[in-house]
2 protein chains.
Amino acid sequence: MASTAKPSPFAPASIPEMPEIDGVRFNSCEAGIRYKGRRDLMIAVLDPGSVAAGVTTRSKTCSAPVLKCRESLRHGRARALVVNSGNANAFTGRKGREAVDMTCDYAARAVGCSRDEIYVASTGVIGEPLDAAKFSGLLDGLAKGAAASGGSDAARAIMTTDTYPKVIVRKVMLGGAEVTLAGFCKGAGMIAPDMATMLCFLFTDAPIAQPVLQRLVSYHADRTFNCMTVDGDTSTSDTVLLFATGAAAKRGAAGVSDAADPALAAFEAALHDAMRELAIMVAKDGEGLSKFVTFEVLGAESDKAARRIAMSCANSPILKTAIAGEDPNWGRVVMAVGKSGEAADRDRMAIWFGPHLVAREGERAESYVERTVADYMKGAEIVIRVDVGVGSGRAKVWTCDLTHDYVSINADYRS
Amino acid sequence: MASTAKPSPFAPASIPEMPEIDGVRFNSCEAGIRYKGRRDLMIAVLDPGSVAAGVTTRSKTCSAPVLKCRESLRHGRARALVVNSGNANAFTGRKGREAVDMTCDYAARAVGCSRDEIYVASTGVIGEPLDAAKFSGLLDGLAKGAAASGGSDAARAIMTTDTYPKVIVRKVMLGGAEVTLAGFCKGAGMIAPDMATMLCFLFTDAPIAQPVLQRLVSYHADRTFNCMTVDGDTSTSDTVLLFATGAAAKRGAAGVSDAADPALAAFEAALHDAMRELAIMVAKDGEGLSKFVTFEVLGAESDKAARRIAMSCANSPILKTAIAGEDPNWGRVVMAVGKSGEAADRDRMAIWFGPHLVAREGERAESYVERTVADYMKGAEIVIRVDVGVGSGRAKVWTCDLTHDYVSINADYRS
């Protein structure tokens, strides 16, 4: 099922290989959870002393694995990450918690660590019990055979409706040595449950203290992953984790234990960039999409208000459908701004489709030529900019259009 | 364009005729605003002493006619209502206000009243200037020729993408005499701008004081029209107005000036019922719909929380698409509950599709048989009930599914 969808028009020509990251070993296998003939279970084994930071879904009905991650993130010690695809282990009640407990027990035994140093994530159908007993014979071998070179296969093992693996690699200087930041994510279609939870796992050998790492992840996830939407739906399982082994210290990288340390600058920039790129890759693999769309809002009361307005546009079915139809329907932009609930001055609003001003001071711009803007709408990447005319708040949100293929994929998904 | 869509599968076999309402005269004509060969301009002329109450869109980018209605609703005196279809006169800046002023001037002169006793509404494309000069030669004749029997034609004149006119008629006892409550609305597709604003106009000869009327309209609109959604989009022009001529007083109906007057009971029940029926008619004429869907939420922290949860379900593209695909995908219900932001106890939640319990205590019900529920999903009217397990708040929301036809209608609308 994961492989039946046609590739996104934005699939990259080549996928970067996951590099070796000092202190991290990967392995993956076919556990046969739901898919046949493909890897659906992965482990990342981390050297002793590693730490984790992360953010999880705001859903009030989050999955059992999310609850477990939140628990372990309280202390942040980390020795392994176990992820399966094909079954999200969400809305599975007591059985779901038991499956997480079993998985953590197997993994802890295999790695030789405590249960609370294990992080888990599951993605796939929800409401179906996950048979974690299957993992008992597998995790031990996976841990033993884990190798620094196994990252690229692991990135494929977590895919569901993704039409391509999403891998990012950055190398930067930190405290006098080069460190690696690399990882992968899956998202695919809608950012919603079933086959399309957003999971992101990043790994680094940088020696950064856990509280600093957590601060970085929270801050930049809010400005990257939280600025991306496919259909406005929220998964029960969304998880972003960043693991740091600290192994670069052996090569002379000075440790960072203060978020204000100027030595962090390059790493922080690389982290932001990596998370933004991954978020854009997710939007560009949106289910059934034909266009990648950026909404830029300026002139709002605050940055937060600007993001709410941009999200209101990015989640409007009727506006996204117009974009799929290559229709420069700026009236629907006005509607979406209006329904956001945030302040906007109708008589000072201005709207651009790409470089073309279509409306200003609350009415159609005199320079507007429908055919010119209609031609612009034929492009694959659309930027819609709105000045709402009340302040200096700004935001940018990435999304895709809403197409017939989206309906087909989601109407026919289970049956 | 308004007539090209295929009729809703829920179109009624026969449309009730608008009855005569003491003190109200209607007229309508072809003004040629956008459509050819159909009525697109109507007037309702009200006897001196009439009052109006109403509610309008919460959009922050509301149209010029909405601003005018809000202004006149402050005093509530009413002598005429003028409505056009084909152009919403929204996001038309200064020109939009001028068009409203001109329309009110013509109407006031034609009826012989003050400008502030005129109410206006426009529905159709937004962002295109409305040429109100066209109305100058028309409104005078329309007002002169207005007749008590003209209501049914007026109901048709306000249609846009509606596939059938939506008319409601109720007769009830009030203060010792029978009074009439009747009116019509349009909504059609998405409840969003362009061709699909929700407008509702009700008329009665009941002698009810304006403040009481306003209280009734606000209270019941919140429990009827505000519990209905097609695609979660909010029009710049949504307007609900109730006009009362008081003419039934001549036939012995005692006036009502206190909202707590027990004589109001039957009228209030009829008003609620009329507004609910009209809201359901709008949802049942949702653009491209194949199924009418009711979400019932119980066990929420409050009625308000329940409505937010029900709306979150009713506006979820991925859940609405699953319903179009006749897929009993209760996992998507869990997701939509979770993303609402309202409290829900994952481990005490229960979900029913029609009479079938599919999940309880946070996991799939043992009695659940997929084929039985899949058969239920083949029906035209789907009821999904969720107990979120934390309190006693309840709500019911009406909506429709999200289909290929919705995408076709909205992607191809302007071009």
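Note that the structure is predicted; figures quoted are calculated from it, not measured. (Residues numbered from 1 in each chain as written. Chains lettered and ligands numbered in written order. Predicted model: local features only at pLDDT ≥ 70, side-chain atom pairs only at ≥ 80, totals over all residues. Heavy atoms only, no water.)

*Asks:* How should the overall build of chain A be read in this particular structure?
*Replies:* Looking only at helices and strands, one finds 11 helices and 15 strands in chain A. The C-alpha atoms of chain A give 22 Å as radius of gyration, which agrees with the globular expectation for 415 residues (22 Å, within 12%). Viewed in the frame of its principal axes, chain A has a C-alpha envelope of about 70 × 55 × 40 Å. The buried share of chain A, reckoned over its 415 residues, is 63%. Of the contacts formed within chain A by residues at least 6 apart in sequence, a portion of 81% connects residues at least 24 apart. Here chain A has roughly 14100 Å² of accessible surface; of this, 49% comes from carbon and sulfur atoms. Charged side chains of chain A number 48 positive and 49 negative; the gap between the two group centres comes to 3 Å. (Helix = DSSP H or I, 4+ residues; strand = E, 2+ residues; numbered from the N terminus. Rg over C-alpha atoms; globule rule 2.2 N^0.38 Å. Buried < 20%, exposed > 50% of the residue type's maximum accessible area, 1.4 Å probe, protein only. Contact = heavy atoms within 4.5 Å. Areas by Shrake-Rupley, 256 points an atom, 1.4 Å probe, with all protein chains shown as cover. Lys, Arg positive; Asp, Glu negative; His and termini not counted. Charge placed at Lys NZ, Arg CZ, Asp CG, Glu CD.)

*Asks:* Any chance you could explain the relation of the copies chain A and chain B here in plain terms?
*Replies:* One copy of the chain maps onto the second through a rotation around an axis plus a translation along that axis. When chain A is fitted to chain B, the best match, at an RMSD of 0.0 Å, comes from turning it 180° and sliding it 0.0 Å along the axis. Each copy turns onto its partner about a two-fold axis. Among all residues of chain A, the minimum C-alpha distance to the rotation axis is found for H404(A), at 2.9 Å. (Least-squares fit on C-alpha atoms with pLDDT ≥ 70 in both.)

*Asks:* Quick question: what am I supposed to make of the pairing of strand 4 (residues 80–87) of chain B here?
*Replies:* The side chains of a regular strand alternate between both faces of the sheet. Residue and element names in this part refer to chain B. Burial analysis of strand 4 places 8 of its 8 residues in the buried class, the great majority of the element. Bridge count between strand 2 (residues 41–46) and strand 4: 5 bridges; the pairing is antiparallel. In the strand pairing of strand 4, M42 is matched with V83. Strand direction decides the pairing type here: strand 4 and strand 5 (residues 118–125), joined by 8 bridges, are parallel. (Pairing = 2+ DSSP bridges.)

*Asks:* So what exactly am I meant to see when it comes to the environment of E363(A) here?
*Replies:* Turning to its location among the elements, E363(A) is positioned in strand 13 (residues 363–364). As for E363(A) and L81(A), which are separated by 282 residues in sequence, their C-alpha atoms are 54 Å apart. Among residues more than four places away in sequence, those in contact with E363(A) are F91(B), T92(B), G93(B), R94(B) and K95(B).

*Asks:* Hey, could you run me through the sheet that holds strand 9 (residues 239–244) of chain A in this one?
*Replies:* Strands pair in a sheet through their backbones, by hydrogen bonds, and they do so in one of two ways: parallel or antiparallel. Residue and element names in this part refer to chain A. Read across the sheet, 5 strands follow the order 3-9-8-7-6 without closing on themselves; strand pairing throughout is mixed. Both edges of this open sheet fall to strand 3 (51–56) and strand 6 (166–174), since each of them pairs with a single strand only. Across this sheet, the average inter-strand angle for adjacent strands is 15°, counted without regard to direction. In this structure, strand 3 lies alongside strand 9, joined through 6 bridges in antiparallel fashion. Residue pairing across strands places A53 opposite L242, the latter belonging to strand 9. In this fold helix 6 (residues 265–283) packs onto strand 6, strand 7 (177–186), strand 8 (199–204) and strand 9, with an angle of close to 170° to the strand it touches most, strand 6. (Axes fitted to C-alpha atoms, helices over the stretch in contact; angles between N-to-C directions.)

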